[in-house]
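Chain residues, written in single-letter form:
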Amino acid sequence: MTHDSPRELTEVLNWRRVSAQISTSGQPTESQLADLAAGGVSHVVNLGPHDNDGALEDEAGSVAALGMTYVYLPVDFQDPRDADFDAFCDTLARLDGERIHVHCLYNARVSAFFYRHARECRGDTIGETVDTAFARMDGIWRPGGVWARFIGDDSALDTPNRFKGYEY
């Protein structure tokens, strides 16, 4: 089934639209996965490890049962790696033109990955500017420490992660 305009699922934790083809969020529920499928999403990419509190018991099975493809790229929140980012970029390139939803537990990992993607001029493939990617990330959190290093923000290396509504 083809959907001309993607659905906005703002009830999903930290839902954000990157482009007509890409949306992001925190962990969707089982029923929200069904809403993604009904909205035309063909691929779900998960950057959150399955053992996180709040992760679905069998997200891969749930996604497959809904007719979508599941891509699992778990990122250790305490130690994001360049190899994780490379796998993410390869996945975006491979799924170019598909309607995808990328999530983790809170949309912190994901928003940082998209910001770095834009900073490294890879955003050209999805039509995203650095400013847009930064604003989306800043609306969720401000990375510090290892995440500041990961996104190339040397000014925040000695600060903790700060989350919108809690610390700024």
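Bear in mind the structure is a predicted one, so any value in this text is a computation, not a measurement.

### Describing the overall build of the protein chain
And then number 1: Scanning the protein chain from N- to C-terminus turns up six helices and seven strands.
And then number 2: Secondary structure elements of the protein chain occur, N-terminal to C-terminal, as β-β-α-β-α-β-α-β-α-α-β-α-β.
And then number 3: Relative to the compact-globule value of 15 Å for 168 residues, the protein chain shows a C-alpha radius of gyration of 15 Å, a close match.
And then number 4: Expressed as lengths along the three principal axes of its C-alpha atoms, the size of the protein chain is roughly 45 × 35 × 30 Å.
And then number 5: Taken over 168 residues, the protein chain has a buried fraction of 48%.
And then number 6: For the protein chain, the exposed area adds up to about 8,100 Å²; of that, 49% sits on carbon and sulfur atoms.

### Some details on the pairing of strand β3 (residues 43–46)
And then number 1: Every second residue of β3 is oriented toward a common face, with His43 and Val45 on one face and Val44 and Asn46 on the other, all of them buried.
And then number 2: As judged from the four bridges shared by β3 and strand β4 (residues 69–72), these two strands associate in the parallel manner. What sits directly across from His43, in β4, is Thr69.
And then number 3: Inspection of the sheet shows β3 paired to strand β5 (residues 100–103) by four bridges, in the parallel sense. Counterpart to Asn46 in the pairing with β5 is His103.

### Topic: the environment of Arg119
And then number 1: Mapped onto the fold, Arg119 is located in helix α4 (residues 108–119).
And then number 2: Separated by 32 residues in sequence, Arg119 and Ile151 have C-alpha atoms that sit 8.2 Å apart.
And then number 3: Among all residues touching Arg119, those that are not within four sequence positions of it are Val130, Ile151, Gly152 and Asp153.
And then number 4: In this structure the side chain of Arg119 is engaged in a polar contact, spanning 2.4 Å, whose partner is the backbone oxygen of Ile151.

What counts, and at which threshold
Residues numbered from 1 in each chain as written. Predicted model: local features only at pLDDT ≥ 70, side-chain atom pairs only at ≥ 80, totals over all residues. Heavy atoms only, no water. Helix = DSSP H or I, 4+ residues; strand = E, 2+ residues; numbered from the N terminus. Rg over C-alpha atoms; globule rule 2.2 N^0.38 Å. Buried < 20%, exposed > 50% of the residue type's maximum accessible area, 1.4 Å probe, protein only. Areas by Shrake-Rupley, 256 points an atom, 1.4 Å probe, with all protein chains shown as cover. Pairing = 2+ DSSP bridges. Contact = heavy atoms within 4.5 Å. Polar contact = N/O pair within 3.5 Å; in protein donor to acceptor, adjacent residues only side chain to side chain.

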